[in-house]
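# Coordinate inspection notes
Listed here are the chains, written in short residue letters.
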Amino acid sequence: QVQLVGSGGGLVQPGGSLRLSCAGSGNIDRVYTMWWFRQAPGNQREWVAALTRGGATNYADSVKGRFTISTDSIQNTVYLQMNSLEPEDTAVYYCKFSGYDRVNLRPYEYWGQGTQVTVSS
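Okay, so let's go over this structure. Predicted model only: the values in this text are computed from it and were never measured. (Residues numbered from 1 in each chain as written. Predicted model: local features only at pLDDT ≥ 70, side-chain atom pairs only at ≥ 80, totals over all residues. Heavy atoms only, no water.)

Glancing now at the overall build of the protein. Each helix and strand in the protein was counted, giving 0 helices and 11 strands. Along the first, second and third principal axes, the C-alpha atoms of the protein reach 50 × 25 × 25 Å. Here the protein holds 121 residues, and 40% of them are scored as buried. In the form shown here, the protein has an accessible surface area of approximately 6500 Å², with 46% of it arising from carbon and sulfur atoms. On the protein, the mean spot of the 10 positive side-chain charges and the mean spot of the 9 negative ones are 6 Å from each other. (Helix = DSSP H or I, 4+ residues; strand = E, 2+ residues; numbered from the N terminus. Buried < 20%, exposed > 50% of the residue type's maximum accessible area, 1.4 Å probe, protein only. Areas by Shrake-Rupley, 256 points an atom, 1.4 Å probe, with all protein chains shown as cover. Lys, Arg positive; Asp, Glu negative; His and termini not counted. Charge placed at Lys NZ, Arg CZ, Asp CG, Glu CD.)

And the structure:
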């Protein structure tokens with residue numbers, strides 16, 4: 001059974017930093033893209049960052065230059081380094097792996113359970 005477990009959230013002051021992690025376990029076949037999303041209270045879930053299998057990255061304008069998405073050498077963990085945090089970054093952060101299941105011949109998406117980030121003085 002595939003599981004994505006996020007960690008690293010918490011309370012930080014404005015201007016501070018946090019590093020989120022999301023570790024995948026189970027039979028995860030050929031991840032094409034790793035993602036981070038976030039959802040603030042009362043808002044829809046929004047995309048934050050993406051990292052492709054080939055190493056290309058893309059960021060929402062609101063976090064560009066402050067956040068960095070990366071992965072480990074075997075590409076089963078995705079990280080989000082968040083610097084210069086602002087109160088507007090307060091949200092539950094979710095990771096997602098998307099790829100292709102070569103056994104069942106279908107695309108898949110797996111979501112993590114979310115980790116809370118609160119930016120407040």
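Once the structure has been displayed, the description carries forward.
Turning next to the environment of Gln75. In this fold, Gln75 is placed in the loop between strand E7 (67-71) and strand E8 (77-82). The partly exposed category is assigned to Gln75, whose relative accessible area is 26%. Once the C-alpha coordinates of Gln75 and Glu109 are considered, the two residues, 34 residues apart in sequence, prove to be 15 Å apart. Apart from residues no more than four positions distant in its own chain, Gln75 is found in contact with Met34 and Arg53. (Contact = heavy atoms within 4.5 Å.)

Here we come to the sheet that holds E8. Within the open sheet, the 4 strands sit side by side as E1-E3-E8-E7. Their pairing is antiparallel. Two strands lie at the open edges of the sheet, namely strand E1 (3-7) and E7, each paired on one side alone. Between one strand axis and the next, the sheet turns by 15 degrees as a mean value, whatever way the strands run. Two elements, E1 and strand E3 (residues 18-25), share 5 bridges in a ladder whose sense is antiparallel. In the strand pairing of E3, Leu4 is matched with Gly24. (Pairing = 2+ DSSP bridges. Axes fitted to C-alpha atoms, helices over the stretch in contact; angles between N-to-C directions.)

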